[in-house]
Amino acid sequence: MRIEDMIEERFVCVKCGGNHCETKEVSMTGSGLSKMFDIQHNHFLFVSCSNCGYVEVFNPDILKGKKSGQLGSILDVFFG
């Protein structure tokens, strides 16, 4: 089961108590050379409450217990 599915299954909003959410994985650049070459090696999972819109941000690498998105970062260098 994917991390996103597990979060959606167990979700309870800390603000309104709603139990429906939407998840989206977002990639961002860092600083220095990665910013200059637009290498997006920082990946985050945004979980937003469908009722009130409150958003929580999670690091999928910590949730999965491993580093992900390395292939995408390498491809970003070549295909921008």
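Residues numbered from 1 in each chain as written. Predicted model: local features only at pLDDT ≥ 70, side-chain atom pairs only at ≥ 80, totals over all residues. Heavy atoms only, no water.

Attention shifts here to the overall build of the chain. The secondary structure content of the chain amounts to four helices and three strands. Taken from the N to the C terminus, the helices and strands of the chain come in the order α-β-α-β-β-α-α. When the 80 residues of the chain are sorted by exposure, 20% land in the buried category. In the chain, of all internal contacts separated by at least 6 residues, the share reaching a separation of at least 24 is 41%. Accessible surface, the chain: about 5,700 Å² in total, of which carbon and sulfur atoms supply 56%. (Helix = DSSP H or I, 4+ residues; strand = E, 2+ residues; numbered from the N terminus. Buried < 20%, exposed > 50% of the residue type's maximum accessible area, 1.4 Å probe, protein only. Contact = heavy atoms within 4.5 Å. Areas by Shrake-Rupley, 256 points an atom, 1.4 Å probe, with all protein chains shown as cover.)

Our next topic: the pairing of strand 3 (residues 55-58). In terms of strand pairing, strand 2 (residues 42-49) meets strand 3 through four bridges, oriented antiparallel. Counted as the bridge partner of Val 47 is Glu 56 from strand 3. Hairpin connection between strand 2 and strand 3: a loop of five residues separates the two successive antiparallel strands, and Gly 53 in this loop has a positive phi of roughly 90 degrees. (Pairing = 2+ DSSP bridges.)

The share of residues in the chain with pLDDT of 70 or more is 64%, and the mean pLDDT across the chain is 75. The model gives residues 33-40 a pLDDT under 50, and that stretch makes 17 contacts with residues more than four places away or in other chains. Note on residues 69-80: pLDDT under 50 across the span, and nine contacts to partners over four residues away in sequence or across chains. (pLDDT = per-residue confidence, 0-100.)

This part is about helix 1 (residues 3-10). Among the residues of helix 1, those classed as buried are Ile 3, Glu 4 and Ile 7. Down the axis of helix 1, the smallest arc covering the buried residues is 100 degrees, so these residues share one side. (Arc of directions from axis to C-beta.)

A separate point is the side chain of Glu 4. Structurally, the position occupied by Glu 4 is in helix 1. Here Glu 4 is buried and forms no salt bridge, its nearest opposite-charge partner Arg 2 lying at an N-O distance of 4.1 Å. Residues within four places of Glu 4 in sequence aside, it is in contact with Thr 23, Glu 25 and Leu 45. (Lys, Arg positive; Asp, Glu negative; His and termini not counted. Salt bridge = Lys/Arg side-chain N within 4 Å of Asp/Glu carboxyl O.)

Attention now goes to the nonpolar core. Residues Ile 3, Ile 7, Phe 11, Cys 13, Cys 21, Leu 45, Val 47 and Cys 49 constitute the largest nonpolar core, which totals eight residues. Among the elements of the structure, helix 1 and strand 2 are those that each provide at least two residues to this core. Counting residues per element, this core draws most heavily on strand 2, which supplies three residues. With near-sequence residues (within four places) excluded, Cys 21 lies in contact with Glu 8, Phe 11, Val 47, Ser 48, Cys 49 and Ser 50. (Core = buried A, V, L, I, M, F, W, Y, C linked by side-chain atoms within 4.5 Å.)

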